[in-house]
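Examination of the molecular architecture
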Amino acid sequence: MIPPKGKHLFGSVTVGERGQIVIPKKAREIFHIKAGDKLLVLGDEERGLAIVAQSDLEKFFDALALVHDFPKK
């Protein structure tokens, strides 16, 4: 089965004793994740977890502030 364009299934990961996971290499390559990057882990009890690059979320909030004329930090 071919997934829809832009959708990926990278496989499963095992959660370590201290809660750590290893993001699969292909996912790191596609999403340009490298050592030292800051990622946010978001959760929705009905839909699950998401991992988002902190810089992308900051850009989103900055854009939202411009659209809604909120004061910036």
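Shown above is the structure to which this text applies.
So, here's what we can say about the structure. Note that the structure is a prediction, hence the values are computed from the model and not measured.

Criteria and cut-off values
- Residues numbered from 1 in each chain as written.
- Predicted model: local features only at pLDDT ≥ 70, side-chain atom pairs only at ≥ 80, totals over all residues.
- Heavy atoms only, no water.
- Helix = DSSP H or I, 4+ residues; strand = E, 2+ residues; numbered from the N terminus.
- Contact = heavy atoms within 4.5 Å.
- 1 Å grid on protein atoms, 1.4 Å probe; cavity = no way out; pocket = protein on both sides within 12 Å on 5 of 7 lines; lining within 4 Å.
- Points joined across faces, edges and corners; volume = space filled by probe spheres on them.
- Salt bridge = Lys/Arg side-chain N within 4 Å of Asp/Glu carboxyl O.
- Buried < 20%, exposed > 50% of the residue type's maximum accessible area, 1.4 Å probe, protein only.
- Pairing = 2+ DSSP bridges.

Attention now moves to the environment of Leu42. Mapped onto the fold, Leu42 is located in strand β1 (residues 39–44). Taking the C-alpha atoms as reference points, Leu42 and Val52, separated by ten residues in sequence, lie 7.6 Å from one another. For Leu42, the contacting residues outside a window of four places in its chain are Gly48, Leu49, Ala50 and Val52.

The computed volume of the largest pocket comes to approximately 720 Å³. Every residue lining the largest pocket is counted, 25 residues in all, and those nearest its centre are Ile23, Ile33, Ala50, Ile51 and Val52. Mapped by element, the contributors of at least two residues to the lining of the largest pocket are β1, β2 (48–53) and α2 (54–68). The dominant element in the lining of the largest pocket, judged by the number of residues it contributes, is β2, at five residues.

On to the pattern of salt bridges. Between side chains of opposite charge, a pair can form when the charged atoms approach closely. Taken as a whole, this structure holds two salt bridges when the rule is applied. Between Lys25 and Glu29 there is a salt bridge, with its nearest N and O atoms 2.7 Å apart. On the criterion of helical spacing, the pair formed by Lys25 and Glu29 is a turn pair, its members being four residues apart in helix α1 (residues 25–30). On the accessibility criterion, Lys25 (54% relative accessible area) is exposed. The partner of Asp37 in a salt bridge is Lys34, and the shortest N-O contact between them spans 3.1 Å.

Its identity is not glycine, yet His32 carries a phi of approximately 55°, on the positive side. As for its placement among the helices and strands, His32 is situated in the loop between α1 and β1. The exposure class assigned to His32 is exposed, which follows from its relative accessible area of 65%.

Our focus in this paragraph is the pairing of β2. In terms of strand pairing, β1 meets β2 through six bridges, oriented antiparallel. Residue pairing in the sheet places Leu42 in a bridge with Ala50 of β2. The antiparallel hairpin formed by β1 and β2 contains three residues in its connecting segment.

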